[in-house]
Amino acid sequence: MKNLYLLDTQFVIDAVLEKEETKEHYLTILEYLLSNRLGYISTSSISKIEYLINKNNPGRNKILKELIQRLKIAKTPSYIDFHNKIAKKDFESHLLELSAMSIGALLITTNENLIDESKIAIHPDDFFDYVKQEKNKGIPFLDLKKVNYEYYPQLEKAFDDTFKSGWFILGNQVKLFEKEFAEYCGVKYCIGVGNGLDALILILEGYKKLGLLKNEDEVIVPANTFIATIIAISKANLTPILVEPDISTYNIDPNKIEEKITKKTKAILPVHLYGQCASMEQISEIAKKNHLLLIDDCAQAQGALYKGRRTGSLADASGFSFYPGKNLGALGDAGAITTNNEALSNITKSLRNYGSNLKYENKFKGVNSRLDEIQAAFLRQKLQKIDKENEKRREAANYYLRNIKNRAIILPEYREKFSHVWHVFAIRCKKRKELQLFLEQNRIGHVIHYPIPPHKQEAYAELNMQSYPITEMIHKEILSLPISSVLSESEMEYIVKKINGFGVK
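Residues numbered from 1 in each chain as written. Predicted model: local features only at pLDDT ≥ 70, side-chain atom pairs only at ≥ 80, totals over all residues. Heavy atoms only, no water.

Caption draft 1: Layout of the state of the cysteines. Following the criterion strictly, the structure yields zero disulfides and no others. Summary of cysteine pairing: Cys-185 is not part of a disulfide, and the nearest cysteine sulfur, belonging to Cys-190, is at 7.0 Å. Cys-185 gets classed as buried once you look at its relative accessible area, which sits at 3%. (Disulfide = S-S within 2.5 Å. Buried < 20%, exposed > 50% of the residue type's maximum accessible area, 1.4 Å probe, protein only.)

Here it is, written out as structure tokens:
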């Protein structure tokens, strides 16, 4: 589906000049594109449009400038093909097509020759038929392309700045991101690493180097987390001790933690699952009472607030993932550690870089897990709008919570408004297979987070005989509906309407 649209020169001119034969239809298209944040204009077109409109109607210049400010800009790429058949006939049309292709957009044009020659061009008269046809193809679970195109100009500039710097590993972009993300979370230190799994492993290995953990020590962890949390414990040669979740929040049940504490227990590792903060106040009290380290997995909860404090500042150390699908997502793998512990910060910074603080001098047997310079540049841009992105997710979640009225669907609960950033909107249904089939038939994307609990995975055969009934029930019933900062109101209305009709005869 083409979710983005590039407007050609003549279309914009006709729309702004309000020619009688096109006025109503073109303005309707423009309003649709602007209200849904889907409209782009090519840099190669701007000066020509401004010249022609000023020439024909100088009074329209103000309207044009306002329009260009509301439309997004698609850069004309440098990979021009002078032998292209469109370029040979009409070089300006070739530039327009390249701009549209660079962002994966459909080109709306009145140029009949371009429509005949190009596979991505349509006439304005066919626009709404195309939109209707595309809508019938369904709603994806997560449209990452659309999410990231919200930042297209900023990401382009970030790439250009990084490229021109000539420094691609642990350069200025990483340093700046670490500073900005630490300030955002409300901590002293941030260490950029390769991914979220490495973030947790390096925290645990760092505490071993500090003498606060040793091989085979026990770490308490939720039974129903994504397996990466548990893998991190295993990779650090520690022992995961699983604890059942609170069925209402899906986070670790603090009332079940103390019964699992033994002489070998040295840390608690809660996870802010699906984007909701765990009960950190109670968990922190348990950790202090039993002299345990508190490390939290914040991979799904960037920006969540708990009692006025952000994730990343709620534990002794925190691990973050910036996998592309996260609320704060890179354009590849990326992760970070946050802490107020200077010694841990210094050690993990060394461990991520072959155990070295000074080139070719290695204090530890470290690894290569450095946050890429280009990913840091991208994350710096997206960090500026993370709170707005999270608020859009809350609005979508609240719409679902208010309007889904099907007794077969168990809706998620949340304790505090800002403690949940809705990384996923996870519902439960005892007839999940039937619901999956129903959603597929109605072209609604969905994902199961997660179909097999960690203790039933082949990778943890030694845990297969253990029983965690609440976790197992959740994994049999859980299903996530589409939620993101770019989910439209009409898409939400459609999803709610269909969900409310599930099982109704």
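From this point, things continue past the structure.
Caption draft 2: Fine view of a negative patch on the surface. A cluster of acidic residues, Glu-112, Asp-116, Asp-125, Asp-126 and Asp-129, forms a negative patch at the surface. Relative to the assigned elements, Asp-126 resides in the loop between strand E5 (121-122) and helix H8 (127-135). The exposure class assigned to Asp-126 is partly exposed, which follows from its relative accessible area of 40%. (Patch = residues over 30% accessible without salt bridge, like charges linked within 9 Å, V, L, I, M, F, W, Y side chains within 5 Å. Areas by Shrake-Rupley, 256 points an atom, 1.4 Å probe, with all protein chains shown as cover. Salt bridge = Lys/Arg side-chain N within 4 Å of Asp/Glu carboxyl O. Lys, Arg positive; Asp, Glu negative; His and termini not counted. Charge placed at Lys NZ, Arg CZ, Asp CG, Glu CD. Helix = DSSP H or I, 4+ residues; strand = E, 2+ residues; numbered from the N terminus.)

Caption draft 3: View of a nonpolar patch on the surface. A cluster of nonpolar side chains, Phe-159, Phe-163, Phe-168 and Ile-169, forms an exposed patch at the surface whose accessible area comes to about 420 Å². Relative to the elements of secondary structure, Phe-159 occurs in helix H10 (residues 152-165). Relative accessible area serves as the criterion here: at 40%, Phe-159 is assigned to the partly exposed category.

Caption draft 4: Just the packing of aromatic side chains, in detail. Scanning the entire structure with this criterion turns up 21 aromatic pairs. Consider the rings of Tyr-5 and Phe-127, whose centres lie 5.1 Å apart with planes at 75 degrees: the pair is edge-to-face. A residue pair is termed long-range when its members are at least 10 positions apart, and Tyr-5 in strand E1 (residues 5-7) and Phe-127 in helix H8 qualify at 122 residues. A ring pair is formed by Tyr-32 and Phe-128, whose centres lie 5.8 Å apart and whose planes are at 80 degrees; its orientation type is edge-to-face. One end of the pair, Tyr-32, is in helix H2 (residues 23-35); the other, Phe-128, is in helix H8, with 96 residues separating them in the sequence. Taking relative accessible area as the criterion, Phe-128 reaches 30% and is therefore assigned partly exposed. Ring-pair connections join several aromatic residues into one group, and the members of that group are Tyr-5, Tyr-32, Phe-127, Phe-128 and Tyr-130. Its guanidinium or amino end placed over the ring of Tyr-306, Lys-307 lies 5.7 Å from that ring's centre, counting from NZ or CZ. (Phe/Tyr/Trp six-rings, centres within 6.5 Å; stacked < 30°, edge-to-face > 60°. Lys NZ or Arg CZ within 6 Å of the ring centre and 35° of its normal.)

Caption draft 5: Broad picture of unusual backbone geometry. Residue Tyr-450 is bonded to the preceding His-449 through a cis peptide linkage, with omega at 10 degrees. When you line up the elements, Tyr-450 lands in the loop between helix H18 (432-441) and helix H19 (469-477). The backbone phi angle of Tyr-274 is positive, close to 65 degrees, even though this residue is not glycine. Mapped onto the fold, Tyr-274 is located in the loop between strand E9 (265-268) and helix H14 (280-289). For Tyr-274, a relative accessible area of 3% puts it in the buried group. We note that His-291 has phi near 55 degrees; this positive angle belongs to a residue other than glycine. Its place among the elements puts His-291 in the loop between H14 and strand E10 (293-297).

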